[in-house]
Amino acid sequence: MDRTQELTSNYTESQDTASWYTYQSYVESSARTYSRVIDKVIVSGKGSILTDADGKEYVDLLACAGTLALGHNNPEIKQELIKYLHTDEVMQGLDILTPAKYAFTKELLGLLPEKFRDEARIQFCGPSGADATEAAVKLFKTATKRRTVLAFHGGYHGMTAGALSLTGNLSAKDAVASLMPDVHYLPFPYDYRSPYLVQGDELIETSLHHIETVFSDPESGITKPAAVILEAIQGEGGCIPAPAKWLKGLRQLCDEYDIPLIFDEIQCGFARSGDLFAFQSADIMPDAILLSKALGGGMPMSVVVYREKYDHWKPGAHTGTFRGNQLAMIAGRKGMEIIRRDKLAEAAQKKGTWLKAELEKLKQKYTFIGDVRGRGLMLGIEIIHPNTARSPKHPDLGDGSLASAIKKQCFANGLILETGGRFGAVLRLLPALTISMDELERALELLDLSMSQLAQG
Ligand SMILES: Cc1ncc(COP(=O)(O)O)c(C=O)c1O
């Protein structure tokens, strides 16, 4: 019996889920992440409830890293997919026009802010968010004939080489010898851990002044950028919303210095923040937006939508085999229709406002909660070492070990959430936009219970 046969017979035929999990650890790479905490076999999902092979239920506040905006197995999306599978329409179409693609692009354009829509071009990319990042960088380097890209501390744009180059988190970069050159980083206006020792309006002014200095100083060391890329609400970086006033200021500076501005809406987009797109909180127009996750209604798909004036690409300048995933177009179109029809941005805002207020109450109860922040259904709880003397120069130390312990305790109690941010100390809540108030209340009870168990322990 060879190794694979041995593993298969030992583990997969067993009904014991611990054995299945051991099997996974043998056959999959050690880069596994979520499955290190979610160490059960998940057999079904409905809305915001997942069930494991032992029949245990979990309230899911992760929604596949924010991908399943309409929850697991949304019945309307499923129905559309089943209907499509009964036709002889194609499954894949490269970049050829099909009825599914026509309907998808119409729905997508319909969701965009009018001013942007009127001059928008869509580039279909490979299936992942990182593919959209890669495409956008190429697009703007081509259009501007410049080589530098500016990104932000704490930003996350994916794990492929170019996208990783634009990502703040060092742990994934440390081991990789050479990434894309000519990327420079600016501090993000992270009020709780202010990079400039000042907060609020002063932080906004100082940050914008810093950026203007980089743009204008002939000795800044940074050549004129092809683009600036950012998330209006940083997700993996720790759920950090950029203040609207700062976003407006950044837009003005980019206009003044003729530098394209790319909003990565892969996580914060599609109604999650309470606006259809998170940059809309500042009432500004992007030069490009990156979309993935919710875009495909649960199926893999990504696009860059950008202003026509930057379309300097020659035919074939950016290709990719899986740009024509028709099932993603079918599911995605239906998903967008539901987001619009059911006013899910408003729903996210209402539910998020309620949830945030409840989390603030937990903050009063537990000294290890340093900050509660976010917008809509994209909320973060920063876990700290309590009783550290806090000052702008010495913010509380993030307690990544406690955050991780809370996450594990939550899972044991039947609640799935994620950590992220500096020191891994931010508990991140990214539920489906369709999560019910009952489910949110249940999630809150489980979170409180898990925190209280650890506070006692
Ligand atoms: C803001 C943002 N950009 C890009 C990506 C990369 O997307 P993918 O993992 O599909 O490559 C992510 C993924 O979490 C993200 O949150």
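Within each chain, residues carry numbers counting from 1 in the order of the written sequence. In keeping with the model being predicted, local features are shown solely for residues with a pLDDT of at least 70 and side-chain atom pairs are shown and tallied solely at 80 or more, while totals for entire chains, interfaces and linings include all residues. Water and hydrogen atoms were dropped before computing side-chain values, which therefore reflect all heavy atoms in the structure.

Help me understand the sheet that holds strand 17 (residues 426-429) in this model?
Strand pairing in a sheet relies on backbone hydrogen bonds. The paired strands run either parallel or antiparallel. For two strands to be treated as a pair, DSSP must find at least two bridges joining them. Strands are runs of DSSP state E lasting at least two residues, helices are runs of H or I lasting at least four, and both sets are numbered from the N terminus onward. Spatially, 13-14-17-16 is the arrangement adopted by the four strands of the open sheet, whose pairing is antiparallel. Taken across any chain shown, the strands that pair with only one partner, and hence form the sheet edges, are strand 13 (369-375) and strand 16 (418-420). Here the average twist between neighbouring strands, direction ignored, is 25°. Sheet topology note: the strand 13/strand 14 (residues 378-383) ladder contains six bridges and is antiparallel. Within strand 14, the position partnered with Val372 by the bridge is Ile381. Residue contacts follow a heavy-atom distance rule, with two residues in contact if any of their heavy atoms lie within 4.5 Å. Simply put, an axis is a line fit to the C-alpha atoms, just over the touching stretch for a helix, and the angle between two N-to-C directions goes from 0 to 180 degrees. Along the sheet face, helix 13 (residues 400-413) touches strand 14, strand 16 and strand 17 and points at about 165° away from the line of strand 16.

How should I be thinking about the packing of helix 9 (residues 200-216) against helix 10 (residues 244-256) in this particular structure?
For any two helices packed against each other, the geometry is given by the interaxial angle and the distance between the axes. In the contact formed by helix 9 and helix 10, the axes pass within 10 Å of each other and the chain directions differ by 15°. Considered as vectors, helix 9 and helix 10 are oriented roughly parallel to each other. The element helix 9 and its partner helix 10 pack so that their crossing is right-handed. Note on element contacts: helix 10 touches helix 9 through Lys245, Trp246, Gly249, Leu250, Leu253, Cys254 and Glu256, opposite Asp201, Ile204, Ser207, Leu208, Ile211, Glu212 and Phe215. Here the word oblique covers every angle except those under 35 degrees (roughly parallel), over 145 (roughly antiparallel) and from 65 to 115 (roughly perpendicular). For a crossing to be left-handed, the near helix must be turned anticlockwise from the far one by less than a right angle; the clockwise case is right-handed.

When you look at empty space enclosed by the protein in this model, what are you seeing that I'm missing?
Sizing a probe to match a water molecule and rolling it over the atoms shows the empty space that remains. Here a cavity means grid points, on a 1 Å grid over the protein atoms only, where a 1.4 Å probe fits yet cannot get out; a pocket means an open set of points with protein on both sides within 12 Å along at least five of seven lines; lining residues are those with an atom within 4 Å of a point. Grid points are joined across faces, edges and corners, and a volume is the space filled by probe spheres set on the points. If you walk through the whole model with that rule in mind, you get two cavities of 30 Å³ or more. Each pocket or cavity is described by its volume, and for the largest cavity that value is around 40 Å³. Every residue lining the largest cavity is listed: Tyr34, Val37, Ile38, Leu62, Lys407, Ile416, Leu417 and Glu418. Broken down by class, the residue content of the lining of the largest cavity amounts to six nonpolar, no polar and two charged. What the second largest cavity holds in volume is close to 30 Å³. Phe124, Cys125, Gly126, Pro127, Pro300, Met301, Ser302, Phe322, Arg323 and Asn325 together form the lining of the second largest cavity. Here the nonpolar group is Ala, Val, Leu, Ile, Met, Phe, Trp, Tyr, Cys and Pro; Asp, Glu, Lys and Arg are the charged ones; every other residue, Gly included, is treated as polar. Here the residues of the lining of the second largest cavity sort into six nonpolar, three polar and one charged.

Explain the pattern of salt bridges to me, please; I cannot follow it from the model alone.
In a structure, side chains of opposite charge can pair up when their charged atoms sit close to one another. By salt bridge we mean one thing: a side-chain nitrogen of Lys or Arg within 4 Å of a carboxyl oxygen of Asp or Glu. On inspection of all chains with the given rule, the structure shows 27 salt bridges. When the shortest N-O distance is used, the salt bridge between Asp201 and Lys245 registers 3.4 Å. Of this pair, Asp201 sits in helix 9 while Lys245 sits in helix 10; the two residues are 44 residues apart in sequence, bridging distant segments of the chain. Taking the relative accessible area as the measure of exposure, Asp201 reaches 44% and is therefore partly exposed. When the shortest N-O distance is used, the salt bridge between Arg251 and Asp287 registers 2.9 Å. Separated by 36 residues along the polypeptide, Arg251 in helix 10 and Asp287 in the loop between strand 10 (261-264) and strand 11 (288-291) bring together distant segments of the chain. Through salt bridges with shared partners, one network takes in Glu76, Glu80, Lys83, Glu107, Arg333, Lys334, Glu337, Arg340, Arg341 and Asp342. Three labels apply to residues, based on accessible area from a 1.4 Å probe with only protein chains included: buried if under 20% of the type maximum, exposed if over 50%, partly exposed otherwise in between.

Would you mind going over the site of the ligand with me for this structure?
The nearness test applies per residue and asks whether one of its heavy atoms lies within 4 Å of the molecule or strand. As a structural note, the neighbourhood of the ligand is formed by Ser128, Gly129, Ala130, Tyr156, His157, Gly158, Glu231, Glu236, Asp264, Ile266, Gln267 and Lys293. Within the side chain of Asp264, a nitrogen or oxygen atom sits 2.7 Å from a nitrogen atom of the ligand. One can see that the ligand is located within the largest pocket. Considering only residue class, the shell around the ligand consists of three nonpolar, five polar and four charged. Any pair of nitrogen or oxygen atoms within 3.5 Å is treated as a polar contact; in protein, a donor-acceptor pairing is required on top of that, and neighbouring residues in sequence qualify only through side-chain atoms on both sides. Those molecules having more than half of their atoms within 2 Å of a cavity or pocket grid point set are described as sitting in that cavity or pocket.

Looking at this structure, I do not really get the domain arrangement of the chain. What am I missing?
Under the domain assignment used here, the chain contains domain 1 (33-66 + 344-456) and domain 2 (78-341). Boundaries of every domain are those given by an automatic assignment or by a domain database. The C-alpha-based centres of domain 1 and domain 2 are spaced at 26 Å. Buried area is calculated as the accessible area (1.4 Å probe) missing from two parts once they are joined, with the contributions of both summed. The contact between domain 1 and domain 2 buries some 2,700 Å² in all, and 51% of this surface belongs to carbon and sulfur atoms. Of all residues in domain 1, the largest losses of buried area upon contact with domain 2 belong to Arg375, Met378 and Arg422, amounting jointly to 28% of the total for that side. There are two salt bridges connecting domain 1 and domain 2. For the side of domain 1 that touches domain 2, the elements supplying multiple residues, two or more each, are helix 3 (63-66), helix 12 (344-365), strand 13, strand 14 and strand 17. For the side of domain 1 that touches domain 2, the element with the most residues is strand 13, which contributes five residues. Grouping the constituent residues of the side of domain 1 that touches domain 2 by class yields 17 nonpolar, nine polar and nine charged.

Sorry if this is basic, but what is going on with the packing of aromatic side chains here?
To describe a pair of aromatic rings, you give the distance between the ring centres and the angle between the ring planes. Planes of paired rings set the category: under 30 degrees apart is stacked, over 60 is edge-to-face and the rest tilted, where pairs are Phe, Tyr or Trp rings (Trp by its six-membered ring) whose centres lie within 6.5 Å. Evaluated as defined, the whole model comprises 12 aromatic pairs. Plain terms: the ring middles of Phe277 and Phe279 are 6.1 Å apart, the flat faces sit at 10° to each other, and that makes the pair stacked. Here Phe277 and Phe279 have matching classes, each one buried. On the numbers, 6.4 Å between centres and 75° between planes, the contact of Tyr306 with Trp313 is edge-to-face. Here Tyr306 and Trp313 have matching classes, each one buried. Through a chain of ring-to-ring contacts, the aromatic side chains of Phe263, Phe270, Phe277 and Phe279 assemble into a single cluster.

Just to check I follow, could you spell out unusual backbone geometry for this structure?
The phi torsion of most residues other than glycine is negative, and most of the peptide bonds are trans. The phi dihedral of Lys145 falls on the positive side, at around 55°, and the residue is not glycine. The exposed category is assigned to Lys145, whose relative accessible area is 72%. With a phi angle near 45°, Lys343 is a residue other than glycine that sits in the positive phi range.

What is the right way to look at the layout of surface pockets in this model?
Looking at the largest pocket, its volume works out to about 1,400 Å³. Surrounding the largest pocket, 42 residues form its lining, Tyr34, Tyr156, Met159, Asn169 and Glu236 being those nearest its centre. Mapped onto the lining of the largest pocket, the elements with two or more residues apiece are helix 3, helix 7 (129-144) and strand 16. Of the residues that constitute the lining of the largest pocket, the class distribution is 14 nonpolar, 20 polar and eight charged. In terms of lining, the second largest pocket is formed by 17 residues, of which the most central are Tyr34, Ser35, Ile38, Lys40 and Ile42. Those elements that place two or more of their residues in the lining of the second largest pocket are helix 2 (17-27) and helix 3. At three residues, helix 2 tops the list of elements feeding residues into the lining of the second largest pocket. Residues that form the lining of the second largest pocket fall into these classes: 11 nonpolar, three polar and three charged.

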